[in-house]
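A look at the structure
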Amino acid sequence: MTFPRRPERARRLTRRQRLAATALVAVALLFLTIDVTGSGLRGAHGGVRGALGALYRGTDGLISPVRRFVQGVPDAGANRDTIDRLRSENAQLRARLAQYAADASASEALSRLPTTSVPARVMALGPGLGFDWTVTLDVGSHNGVQNGQTVTDGVGLVGRVLHTNAISCTVLLAADPGSGVGARDTRTGELALATGQGTSGFRVSPLDPAAQLSVGDQLVTGPAGESTYVAGLALGTVTSVHTSADGMTVAQVRPAASPTTLDLVGVIMTEPGAEASR
Amino acid sequence: MTPARLGAAATAILVALLLQATLVAPAMLSAQLSLPAVLVAAVALELGPGAGMSLGFATGLVADLGSAHAAGLLALCWLGLGIGCGLLAEPHRHAAAQALLAAVAATVAGALATLGLTVVDEPGGTALGAVQSLLPSLAGNLVIAALVVPLTRRLLRADVLRGSGDG
């Protein structure tokens, strides 16, 4: 088979292609500058997200069975063990819950938690790269969702609503590298800052350098009224603690809500704690 | 560009972005797989730098605007991906070699995009994450390229889409 008008070898750009490439680079840099320095492209972002959100909704019905199958492949064979382990953990957690019920201060904190949430399903992740730490949910402003609201999977913190369209919304995952979450150690009550580490969980630094973090400590979001997120949601469990030469304590935390297995989630219906940045 | 090729390019961009968001990315969050990047590389390796840069820029810009990060970043990276792969275009290369090249190029472009996120101080990427994900990303992109490259070659060599390459 021959392709008469196709180049045998295209080792160099033609003059016209160089001009086109230069123009496109300039346009890309212009977009980048406008978007980084201001909100001039907010409308364009919203329009494309809205259009893609509608398409995700249509595509999701066809794709989701395949996606769940593919997501389940790495866990094939391990589900039995997982169920047994979860049953055991569930029994322990029930016992712990009974203890907490008697604790007046915990009870007071729990009473501040909002009880209404809108159930939603994850339709898609970011359309560009695998490391786009956002997910698109199938609920939007028609369901009462607003920017800044906290999202949970029923167990722990998932993230917060970044953008809302009529029928879908984009959620920035708490696991996003670089994102910060105010946290509280349930054992000591110490406050800390948890930084997202992608699939590795969180890296936590206590605000008080002398604070004692221990392996196994449970962290929750908080404190109420000062955090972007609803207070009291499980953030994760401390898996290791390191103290640097300058005395700073840093802990690694396994997330309560795994960002890799998100499917059904709930958007907590409160007034948003903070406005989204873009 | 013929209307048939324009329509095919627009459809390819849309399908690639939808599949990336609803299937590829959720399936393996620990690696940086990108179906659109592999598609851009595959088309550029087949048609040359002109088609590669156009497709790369257009796909990247739509992905940017649909994402949380600043617009222009993926457009810039995938524009470079299209040009780079286009300069390596070789009509008689074996499909397997073409798939390998497309996967390597898409992985490098993904790592550069992640580094770019850190440079412009945007959420989503760290330099360490970019380095750590190189090997798993390459493996995943190879699987995608093994499917996408032969399909792209066959489609681009079909009579209805065959037109002038860019020389």
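Everything numeric in this text was worked out from a predicted model, so none of it was measured.

1. Observations concerning the overall build of chain A
What chain A contains, in helices and strands, is four helices and 12 strands. Long-range contacts, defined here as pairs at least 24 residues apart, represent 57% of the contacts in chain A between residues at least 6 apart. Here chain A has roughly 14,500 Å² of accessible surface; of this, 56% comes from carbon and sulfur atoms.

2. Digging into the nonpolar core
It is characteristic of soluble globular proteins that their nonpolar side chains tend to be buried jointly. Counting 38 residues, the largest nonpolar core has Trp 78, Leu 81, Cys 85, Ile 144, Ala 145 and Val 148 of chain B as the members making the most contacts within it. For this core, the secondary-structure elements that each account for two or more residues are α1 (3-27), α2 (35-47), α3 (49-65), α4 (73-87), α5 (95-119) and α7 (134-156) of chain B. Looking at which element gives the most residues to this core, the answer is α2 of chain B, with 11 residues. For Leu 81 of chain B, the contacting residues outside a window of four places in its chain are Ala 37, Val 40, Ala 41, Ala 105, Ala 106 and Ala 109 of chain B. Val 161, Cys 169, Ala 175 and Val 267 of chain A belong to the second largest nonpolar core, which has 21 residues in total.

3. Re the sheet that holds strand β11 (residues 249-255) of chain A
All names here are of chain A. Read once around its circumference, the closed barrel built from six strands follows the order β6-β7-β8-β11-β10-β9, with strand pairing classed as antiparallel. Pairs of neighbouring strands in the sheet enclose a mean axial angle of 40°, with direction left out of account. Examined bridge by bridge, strand β9 (residues 218-221) and strand β10 (residues 234-243) share three bridges and lie antiparallel to one another. Bridge pairing links Leu 219 to Gly 236 in β10.

4. Looking at the confidence of the model for chain A
Residue and element names in this part refer to chain A. For chain A, the average pLDDT comes to 77, and 75% of its residues sit at 70 or higher. Taken element by element, chain A is modelled with least confidence in helix α4 (residues 104-112), mean pLDDT 47, and with most confidence in helix α1 (residues 15-37), mean pLDDT 92. Confidence drops under a pLDDT of 50 for residues 273-278, and excluding neighbours within four residues, the segment shows 18 contacts in the predicted structure.

5. Structural notes on the sheet that holds strand β3 (residues 150-152) of chain A
All names here are of chain A. Ordered in space as β1-β2-β5-β4-β3-β12, the six strands form a closed barrel in which the pairing is antiparallel. Across the sheet, the mean angle separating the axes of adjacent strands is 45° when strand polarity is ignored. Sheet topology places β3 next to strand β4 (residues 157-164); three bridges connect them, and they run antiparallel. Pairing of Thr 152 across the sheet is with Leu 157, part of β4.

6. Some words on the environment of Tyr 56 of chain A
Residues and elements named next belong to chain A. Assignment of secondary structure puts Tyr 56 in helix α2 (residues 42-72). When its relative accessible area of 3% is taken as the criterion, Tyr 56 is described as buried. In this structure, the C-alpha to C-alpha distance between Tyr 56 and Val 158, residues 102 residues apart in sequence, is 20 Å.

7. Overview of the side chain of His 45 of chain A
Here His 45 of chain A shows up in helix α2. At a separation of 3.0 Å, a polar atom in the side chain of His 45 of chain A contacts the main-chain carbonyl oxygen of Leu 65 of chain B.

8. A look at the environment of Thr 188 of chain A
Residues and elements named next belong to chain A. With respect to the secondary-structure elements, Thr 188 resides in the loop between β6 (180-185) and β7 (191-196). In sequence terms Thr 188 and Leu 213 are 25 residues apart; their C-alpha atoms lie 8.3 Å from each other. A distance of 3.2 Å separates the side chain of Thr 188 from the backbone nitrogen of Glu 190, its partner in a polar contact.

Criteria and thresholds
- Residues numbered from 1 in each chain as written.
- Chains lettered and ligands numbered in written order.
- Predicted model: local features only at pLDDT ≥ 70, side-chain atom pairs only at ≥ 80, totals over all residues.
- Heavy atoms only, no water.
- Helix = DSSP H or I, 4+ residues; strand = E, 2+ residues; numbered from the N terminus.
- Contact = heavy atoms within 4.5 Å.
- Areas by Shrake-Rupley, 256 points an atom, 1.4 Å probe, with all protein chains shown as cover.
- Core = buried A, V, L, I, M, F, W, Y, C linked by side-chain atoms within 4.5 Å.
- Buried < 20%, exposed > 50% of the residue type's maximum accessible area, 1.4 Å probe, protein only.
- Pairing = 2+ DSSP bridges.
- Axes fitted to C-alpha atoms, helices over the stretch in contact; angles between N-to-C directions.
- pLDDT = per-residue confidence, 0-100.
- Polar contact = N/O pair within 3.5 Å; in protein donor to acceptor, adjacent residues only side chain to side chain.

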